[in-house]
Amino acid sequence: MNKTKNWIKRFALVCLFLMALLATFQSISGVNARTLINHIASGLSVSETASNTTSPSLEDAFDWSKYPKHTVTATGYTAGIESTGKSKGHPEYGITYSGVKVKRDLFSTVAADLNVFPIGTILFVPGYGYGVVADKGGAIKGNELDLYYETVEDVYNKWGKKQVDVYVVQKGNGKLTEEQLQALNEDKALQVFRQQYTSSEKR
């Protein structure tokens, strides 16, 4: 009887700890923890199987059909003068409309029409990875995206201009901070995918 009570107490404490951890994650990152956990859990069995052989791809690890789909025209851009008109000496060089620095990572910064995809929206772009809407562009209207790359060579060699179906993992609330972006990129459950999007890029 005592063993059963002890087991129940331990189970309850573990549940409370996990709930506190999720609440802390949500308050720090602003990301809806339930959405992200469901997203990760939905692909867990696939990614576990794939990790036994080679590094899995995000395209294969999750059932993207569960998410709202938009067909967009996506182009690549850089922080440089060729895309933004700003050179490295400019005080706003590499700073997005949201205030965060441009980043190519597991969760990269992308630019969109904010009437379609508000700041903070998390998208999955096949062939590119996760994009977090952090910026807007004067020429971006409607179903168009600009995907951030470190160099002009990467823009041309890795992307160029494509029409692609993107998936809305989570709609943004109009805000994005460096802390939120960092928390997304450091999510332990997704680290197995990270090198695919950063290994050949500058960090």
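Anything mentioned here points back to the structure above.
Residues numbered from 1 in each chain as written. Predicted model: local features only at pLDDT ≥ 70, side-chain atom pairs only at ≥ 80, totals over all residues. Heavy atoms only, no water.

(A) Inspection of the overall build of the protein chain at higher detail. Looking only at helices and strands, one finds 8 helices and 6 strands in the protein chain. In the protein chain, the order of α-helices and β-strands from amino to carboxyl end is α-α-α-α-β-α-β-β-β-β-α-β-α-α. Buried residues in the protein chain amount to 40% of all 203 residues. Within the protein chain, contacts between residues separated by at least 24 positions form 73% of all contacts whose residues are at least 6 apart in sequence. As displayed, the protein chain offers around 11600 Å² of accessible surface, 53% of which is attributable to carbon and sulfur atoms. (Helix = DSSP H or I, 4+ residues; strand = E, 2+ residues; numbered from the N terminus. Buried < 20%, exposed > 50% of the residue type's maximum accessible area, 1.4 Å probe, protein only. Contact = heavy atoms within 4.5 Å. Areas by Shrake-Rupley, 256 points an atom, 1.4 Å probe, with all protein chains shown as cover.)

(B) Structural view of the pattern of salt bridges. One pass over the structure, following the stated rule, counts 2 salt bridges. When the shortest N-O distance is used, the salt bridge between lysine 69 and aspartate 165 registers 3.8 Å. A residue pair is termed long-range when its members are at least 10 positions apart, and lysine 69 in strand β1 (residues 69-77) and aspartate 165 in strand β6 (residues 161-170) qualify at 96 residues. Relative accessible area serves as the criterion here: at 28%, aspartate 165 is assigned to the partly exposed category. Between arginine 194 and aspartate 105 there is a salt bridge, with the nearest N and O atoms lying 2.8 Å from each other. Pair noted here: arginine 194 is in helix α8 (residues 191-198) and aspartate 105 is in the loop between α5 (81-84) and β2 (107-112), with a separation of 89 residues, a long-range link. (Salt bridge = Lys/Arg side-chain N within 4 Å of Asp/Glu carboxyl O.)

(C) View of the sheet that holds strand β4 (residues 129-135). Spatially, 6 strands are ordered β1-β5-β2-β4-β3-β6 in a closed barrel, and the strand pairing comes out mixed. Each strand of the sheet is rotated relative to its neighbour by a mean of 45°, with strand direction disregarded. As paired strands, β2 and strand β5 (residues 144-148) are joined by 3 bridges and run antiparallel to one another. In the strand pairing of β5, alanine 112 is matched with leucine 145. Contacts from helix α6 (residues 152-159) reach β1, β3 (122-125), β5 and β6 within the one sheet, and its direction differs from that of β1 by about 140°. (Pairing = 2+ DSSP bridges. Axes fitted to C-alpha atoms, helices over the stretch in contact; angles between N-to-C directions.)

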